[in-house]
Amino acid sequence: MNEPVPQSPAASTGAPAPLPASEPGSLHELVLNSLDDDQAQEIVSIPLEGKTTIADHMVIASGRSTRQVAAMAQKLAERVKHGGFGHVRIEGLPAADWVLIDCGDVVVHLFRPEVRSFYNLERMWAFGGASAAA
């Protein structure tokens, strides 16, 4: 499907990088657009295809507060369902410090910034080819 997108020079300078490329109409594109529309911060998409069977993509993003994290998760679940991609499973919604949304081929982690930096999933899963966006 999608090839890993190398990190842009803008990412190393701290400037926002463009969202990674996705197939038009794909679940991955829907997830990235939904998070961007909801003003998620520091969106990172990690291609997993060929590296694991759990999903084709892992998307990690931050919200400014537990309220924003919860709202982004609920809106994403609605958009995935209305987009014809089926139901999603959501874990961690009551506390909304770290919410996991299993969309099938795309797994989404939404964090508050402090929790995200503590767990540092990007480093664990990046395989040297994560693409970043803000």
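Attention here is on the structure that accompanies the text. Note that the structure is a prediction, hence the values are computed from the model and not measured.

What follows deals with the environment of Ala-55. Secondary-structure assignment places Ala-55 in the loop between β1 (41–47) and β2 (57–62). By relative accessible area, which is 4% here, Ala-55 ends up buried. Residues Ala-55 and Asp-105 lie 50 residues apart in sequence; the distance between their C-alpha atoms is 4.5 Å.

Positive phi is not limited to glycine here, since Glu-42 has a value of about 50°. With respect to the helices and strands, the residue Glu-42 is situated in strand β1. One non-glycine residue, Asn-120, lies in the positive phi region at around 45°. Positionally, Asn-120 belongs in the loop between α4 (113–119) and α5 (121–125). On the basis of relative accessible area, Asn-120 is assigned to the partly exposed category, the value being 31%.

Between two aromatic rings, the relevant description is the distance of the centres plus the angle of the planes. Applying the stated criterion across every chain, the model contains three aromatic pairs. Centre to centre, the rings of Trp-98 and Tyr-119 are 4.7 Å apart; their planes meet at 50°, and the pair counts as tilted. Taken together, the residues span a long stretch of sequence, with Trp-98 in strand β4 (residues 98–102) and Tyr-119 in helix α4 at a distance of 21 residues. On the basis of relative accessibility, which here comes to 39%, the residue Tyr-119 falls in the partly exposed class. On the numbers, 5.0 Å between centres and 90° between planes, the contact of Phe-118 with Tyr-119 is edge-to-face. Linked through ring pairs, Trp-98, Phe-111, Phe-118 and Tyr-119 together constitute an aromatic cluster.

Glancing now at the packing of helix α2 (residues 27–37) against helix α3 (residues 66–82). Running from N to C, α2 and α3 cross one another at 145°; their axes reach a closest spacing of 10 Å. Read as a crossing pair, α2 and α3 show a hand that is right-handed. Between α2, through Leu-27, Leu-30, Val-31, Ser-34 and Asp-37, and α3, the contact on the second element is made entirely by Leu-76, Arg-79 and Val-80. Taken together, the residues that form the contact of α2 with α3 break down as five nonpolar, one polar and two charged.

Reading the values: rules and limits
Residues numbered from 1 in each chain as written. Predicted model: local features only at pLDDT ≥ 70, side-chain atom pairs only at ≥ 80, totals over all residues. Heavy atoms only, no water. Helix = DSSP H or I, 4+ residues; strand = E, 2+ residues; numbered from the N terminus. Buried < 20%, exposed > 50% of the residue type's maximum accessible area, 1.4 Å probe, protein only. Phe/Tyr/Trp six-rings, centres within 6.5 Å; stacked < 30°, edge-to-face > 60°. Axes fitted to C-alpha atoms, helices over the stretch in contact; angles between N-to-C directions. Left-handed = near helix turned anticlockwise from the far one by under 90°. Contact = heavy atoms within 4.5 Å. Nonpolar A, V, L, I, M, F, W, Y, C, P; charged D, E, K, R; others polar.

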